[in-house]
Structures are given as C-alpha cells and as structure tokens.
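# Results of the structural survey
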Amino acid sequence: MQVDSPVLLVVEDDFLVRLTLVDALSDGGFEVLEAADAKEALTLVCDRDDISAMLTDINLPGGSDGFALARAARVIRPQLPVVYASGRYGGAENGQAVDGSRFLAKPFTPSLAAAVLHDMIGLGERHEPLSDHAGPERHI
C-alpha cells in the first residue's frame, strides 16, 4: 500500500459484504477503515481526521441508518464525501441524503465503487481499473 493512499471509511453491517469491500477497495488504492454500525463509524470520524470519504450502507443496525450517520458525520466533517449503498432503496430520495452525495444500488462491482470514490475525492485521473489488480470482477 502506498503511503499517500486516501483513507476510506466503509460502514456495512453484513460481515461478508464488508470483508469483500475492504479487500477490493484496499486493492483499489485506499487505506480502508471499517465499521459495522453508525456508532462505531462516528467514533472513527471523531478519532481520525485523515478520512477522505465514507461509503455507507443505508440500512444499519442500532437505530441510526446511513442517512443519519452521514448527517452526523457532516457535523464533524462538513466536506466529507459520502457514498450511500443499498439493495433496498432505489436512491437517496426525500431530502434524506447529504448534499453532494452519491448512491450505489446493490449489487455493484468494487471497481465501480472505487471509481466513484476516487472521483469524489478528486483522484479520478490516477485511478486504474480495479479488475486489473484483483482478477475477475466481484459483485457486492
């Protein structure tokens, strides 16, 4: 891993999905932190000022969903890029999403997630396709 790899926070309660994302996004050029719920994620946002972006599932356990998590994280880090992911929502509707966020419908490929995240933090021109590094495409 490069020393200057952007730090990404992945918030996903499904262990296997989180494991796949962490592995694939690490291969895609990120240093990846992981959290299983909003409380754990907010602790990381408070403790780490080097987080470049957050990818969060919308449906999270413990009473706070991904929308509430992103709003709370933006209080702490107003410019934090946020990508929402869900297999149950068609998008981030009804004004629940934070400004400038993006949405990925599950299933999606890790290469798509990496490309969106690199673009959001301004590294799109340096991004190489994940499939070149990780073998066949995997779907999340």
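In the block above lies the structure referred to throughout.
### So, the nonpolar core
Counting 20 residues, the largest nonpolar core has L9, V11, I51, M54, L69 and Y84 as its most contacted members. The set of elements that each furnish at least two residues to this core consists of β1 (7-11), β2 (31-35), α2 (38-47), β3 (51-57), α3 (66-76) and β4 (82-86). For this core, the element with the most residues is α3, which contributes four residues. One finds L21, V22, L104 and A113 within the second-largest nonpolar core, a separate group that totals 18 residues.

### Remarks on the packing of α2 against α3
Packing of α2 against α3 brings their axes to within 10 Å, and their N-to-C directions diverge by 15°. Relative to α3, the element α2 is oriented roughly parallel. Helix-helix and strand crossings are classified by hand; for α2 and α3 the assignment is right-handed. For the pair α2 and α3, contact is made by A38, A41, L42, V45 and C46 and by L69, A72, A73 and I76, respectively. Taken together, the residues of the contact of α2 with α3 sort by class into nine nonpolar, no polar and no charged.

### Examining the pairing of β4
Most of β4 is tucked away: five of the five residues are buried. Where burial is concerned, the two faces of β4 agree: the one with V82, Y84 and S86 and the one with V83 and A85 are both buried. In the sheet, β3 pairs with β4 via four bridges, with the strands oriented parallel. Its bridge partner lying in β4, M54 is registered against V82. This β-α-β element, β3 to α3 to β4, shows right-handed connectivity. When β4 meets strand β5 (residues 102-105), the two strands line up parallel, connected through four bridges. Among the inter-strand pairings, S86 is bridged to a residue of β5, identified as A105.

### Things to note about the pairing of β1
Within β1, five of the five residues are buried, which leaves it mostly tucked inside the rest of the structure. Side chains V7, L9 and V11 project from β1 onto one buried face, and the interleaved L8 and V10 project onto a second face that is buried too. Judged from the five bridges that link them, β1 and β2 form a sheet pairing that is parallel. By the bridge assignment, V7 is partnered in β2 with E31. Read as a crossover between parallel neighbours, the route from β1 over helix α1 (residues 15-27) to β2 is right-handed. Direction of pairing for β1 relative to β3: parallel, over a ladder of five bridges.

### Looking at the packing of aromatic side chains
This model, assessed by the stated rule, comprises one aromatic pair. Arranged with centres 5.0 Å apart and planes meeting at 50°, the rings of F67 and Y84 form a pair that is tilted. You can see F67 sitting in helix α3 and its partner Y84 sitting in strand β4, a full 17 residues away along the chain. Judged by relative accessible area, which is 0%, Y84 ranks as buried.

Definitions and cut-offs
Each chain has its residues counted from 1, following the order in which its sequence is written. Given that the model is predicted, a residue must reach a pLDDT of at least 70 before its local features are reported, and side-chain atom pairs must reach 80 or more before they are shown or counted; all residues, however, enter totals for whole chains, interfaces and linings. Side-chain numbers come from the whole structure's heavy atoms, not from hydrogens or water. By convention a nonpolar core is built from buried Ala, Val, Leu, Ile, Met, Phe, Trp, Tyr and Cys residues, the set being connected through side-chain atoms within 4.5 Å. Classification of residues uses two cut-offs on accessible area relative to the type maximum, computed with a 1.4 Å probe and protein chains only: under 20% is buried, over 50% is exposed, and between them is partly exposed. The way it works is that DSSP assigns letters per residue, a run of H or I at least four long becomes a helix, a run of E at least two long becomes a strand, and they are numbered from the N terminus. For helices, the axis comes from a line fit to the C-alpha atoms of the stretch in contact; other axes are also lines fit to C-alpha atoms, and the angle between any two N-to-C directions lies between 0 and 180 degrees. Should an angle fall under 35 degrees it is taken as roughly parallel, and over 145 as roughly antiparallel, whereas 65 to 115 is taken as roughly perpendicular and any remaining angle as oblique. A clockwise turn of the near helix away from the far one marks a right-handed crossing, whereas an anticlockwise turn of less than a right angle marks a left-handed crossing. Here, residues are in contact when the closest pair of their heavy atoms is within 4.5 Å. Lys, Arg, Asp and Glu make up the charged group, whereas Ala, Val, Leu, Ile, Met, Phe, Trp, Tyr, Cys and Pro make up the nonpolar group; the residues left over, Gly among them, are polar. Any two strands between which DSSP finds at least two bridges are classified as paired. The path from the first strand over the helix to the second decides the hand: if it runs clockwise while the strands point away from the viewer, the crossover is right-handed. Whether two aromatic rings pair depends on their centres lying within 6.5 Å, for rings of Phe, Tyr and Trp, where Trp uses its six-membered ring; planes under 30 degrees apart make the pair stacked, over 60 edge-to-face, and the rest tilted.

No statement about biological role is implied by the geometric values presented.
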